[in-house]
Amino acid sequence: MTVHRPYAEGKCDKCHSSRSGKPIGLSAIFQGVPMLLEPIEKLCFKCHGIEQKAYLHAPAVAGQCSFCHDPHQTPNKRMLLTGTTRELCARCHSGATFLTQLDHARYGDRECIACHDPHAADIEFNLLPGARSGEPEPRKPTVSLPTSW
Ligand code: HEC
Ligand code: HEC
Ligand code: HEC
Ligand code: HEC
Ligand code: HEC
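All values derive from a computational prediction rather than experimental measurement. Each chain has its residues counted from 1, following the order in which its sequence is written. To label them, take the chains in the order written and letter them from A, then take the ligands in the order written and number them from 1. The model is predicted, so local features are restricted to residues of pLDDT at least 70 and side-chain atom pairs to those at 80 or more, both for listing and for counting; the totals for chains, interfaces and linings are taken over all residues. The side-chain figures draw on all heavy atoms in the structure; neither hydrogens nor water molecules are used.

A. Quick look at the side chain of T82. Within the secondary structure layout, T82 lies in the loop between β5 (73–74) and α5 (85–90). Separated by 3.4 Å, the side chain of T82 and the backbone nitrogen of L88 make a polar contact. T82 has contacts with N76, E87, L88 and R91, leaving out every residue within four places of it along the chain. Counting from the N terminus, the helices are the DSSP runs of H or I reaching at least four residues and the strands are the DSSP runs of E reaching at least two. In protein, a polar contact means a hydrogen-donor-capable atom and an acceptor-capable atom, both N or O and within 3.5 Å, with residues adjacent in sequence counting only if both atoms are side-chain atoms; elsewhere, any N or O pair within 3.5 Å suffices. Residue contacts are counted whenever heavy atoms from the two residues lie within 4.5 Å of one another.

Pasting the structure below:
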């Protein structure tokens, strides 16, 4: 289980509009979802920064972090929505969707982040150094954690 620190510490108002400790707002009334202080594409960038490398993964640079991460908590590491990146990436990259010319079967069932960075990379196709020759270097963080928030 990974719990997001602001959520664990009850700092709901870092992301949600609140009064008397209770989330409020129009969306709360109509959808049961407490109103966010910022639209999702800005919210996560209030505290996190993506490394400005040459190849930025489209959903990450667009701030659509919640396509892959839950804002509160999940049973998976880094609050990912799935237990493996094979499942996670397949939500968008499967069949003919954004994965057209490749035969990845030769890579067996290795995790996608063994060779690709989910946020940003110096090499095209968001590859990690060495990935092309089949010996990828372990990835380093590409989104920063806040020191003060
Ligand atoms: C880091 C930002 C962040 C923090 C901190 C946070 N939330 Fe959220 N929360 C979100 C986002 C993003 C959504 C998704 C909203 C949407 O789908 O429109 C959400 C959705 C929700 C929802 C509706 C969907 C669901 O998961 O049930 C509730 C209820 C909620 N939050 C309550 C809380 C409470 C209570 C806290 C504090 C303990 C909290 N949140 C802290 C970002 C945050
Ligand atoms: C108010 C500041 C704040 C906002 C807004 C915020 N975060 Fe965080 N986030 C933190 C802090 C604090 C940590 C923990 C840093 C540490 O462990 O040193 C963290 C950690 C994380 C981690 C690593 C979790 C772990 O334990 O491994 C992820 C992933 C993450 N945030 C995603 C998001 C996403 C997605 C959003 C937008 C929905 C978001 N954050 C918005 C403050 C924030
Ligand atoms: C929410 C949908 C979504 C998810 C989930 C997702 N991607 Fe993507 N990905 C995209 C989009 C959109 C593009 C940009 C496609 C384009 O520009 O034609 C992209 C582009 C890419 C590219 C570059 C393709 C190219 O031709 O340059 C790679 C590599 C990639 N993603 C790998 C991954 C990996 C690895 C994961 C899992 C960690 C992942 N993606 C998860 C939507 C997603
Ligand atoms: C062993 C390394 C390796 C693994 C594991 C790997 N890839 Fe790749 N991937 C590559 C290489 C290398 C390329 C560049 C094109 C080429 O040379 O085949 C690539 C290219 C891509 C592209 C862009 C090209 C296109 O056709 O759209 C996408 C998207 C992609 N990979 C997604 C994934 C996903 C999703 C996974 C996990 C299921 C994954 N990759 C696992 C090495 C890997
Ligand atoms: C395409 C899916 C995807 C998107 C979009 C995405 N992430 Fe991630 N994120 C991942 C994966 C996969 C990891 C690596 C988990 C691991 O270490 O195994 C990760 C790791 C992280 C970490 C830990 C530091 C690191 O780089 O390893 C933080 C913090 C984080 N993400 C925040 C964010 C924020 C903020 C956004 C939006 C700006 C975002 N992520 C968008 C998939 C994604």
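Next, the rest of the story.
B. Representation of the coordination of the iron atom of ligand 2 within the structure. At the metal site, the iron atom of ligand 2 is ligated by H4 (NE2) and H48 (NE2), and these contacts range over 2.0 Å. Of note is the iron atom of ligand 2, whose 6 donor atoms meet at the metal with angles of 86 to 180° in an arrangement that counts as octahedral. Here H4 is found in the loop between β1 (2–3) and α1 (5–8), whereas its partner H48 is found in the loop between α3 (40–43) and β4 (55–56), with 44 residues between them in sequence. The rule for donors is simple: N, O or S, within 2.8 Å of the metal, or within 3.2 Å if the metal is Na, K or Ca. Water isn't counted, so a site may look like it is missing partners. In short, tetrahedral needs four donors with all angles between 85 and 135 degrees, square planar needs four and octahedral six donors with opposite donors over 155 degrees apart and all other angles between 65 and 115, and whatever is left is irregular.

C. Layout of the coordination of the iron atom of ligand 3. Looking at the metal site, the iron atom of ligand 3 is ligated by H57 (NE2) and H93 (NE2), spaced 1.9 to 2.0 Å from it. Geometry at the iron atom of ligand 3 is octahedral, judged from the 6 donor atoms that bind it and their angles of 84 to 179° at the metal. Residue H57 is located in the loop between β4 and α4 (58–61), and its partner H93 is located in the loop between α5 and β6 (120–121); the two are separated by 36 residues in the primary sequence.

D. Main features of the pattern of salt bridges. What counts as a salt bridge is simple: a side-chain nitrogen of Lys or Arg found within 4 Å of a carboxyl oxygen of Asp or Glu. A complete count under the given rule lists 6 salt bridges for this structure. Taking the shortest distance from any N to any O, the salt bridge between E51 and K53 comes out at 3.6 Å. The salt bridge partner of E124 is R132, with a shortest N-O separation of 3.1 Å. Salt bridges sharing common partners tie together R5, E9 and K11.

E. Quick look at the site of ligand 3. The local shell around ligand 3 holds 14 residues, among which H57, C89, C92, H93 and F125 are the closest. Within the contact set of ligand 3, a nitrogen atom lies 2.8 Å away from a side-chain nitrogen or oxygen of H57. At 2.6 Å from a nitrogen atom of ligand 3 is found a side-chain nitrogen or oxygen belonging to H93. Of all elements in the fold, only α4 and α5 reach the threshold of two or more residues within the shell around ligand 3. Counted by class, the shell around ligand 3 contains 11 nonpolar, 3 polar and no charged residues. Being near a molecule or strand, for a residue, means having at least one of its heavy atoms within 4 Å of it. Asp, Glu, Lys and Arg are counted as charged, while Ala, Val, Leu, Ile, Met, Phe, Trp, Tyr, Cys and Pro are counted as nonpolar; the rest, among them Gly, fall into the polar class.

F. The environment of R132, seen in detail. Relative to the helices and strands, R132 is located in the segment after β6. Residue R132 is classed as exposed on the basis of its relative accessible area, which comes to 58%. A C-alpha to C-alpha distance of 8.3 Å links R132 and C115, two positions 17 residues apart in sequence. Once you skip the residues sitting within four places of it in the chain, R132 turns out to touch E124, F125 and L127. For the exposure calls, accessible area comes from a 1.4 Å probe over protein chains only, and a residue counts as buried if that area is under 20% of its type's maximum, exposed if over 50%, partly exposed in between.

So, to be careful, I would describe these as geometric facts and stop short of saying anything about function.
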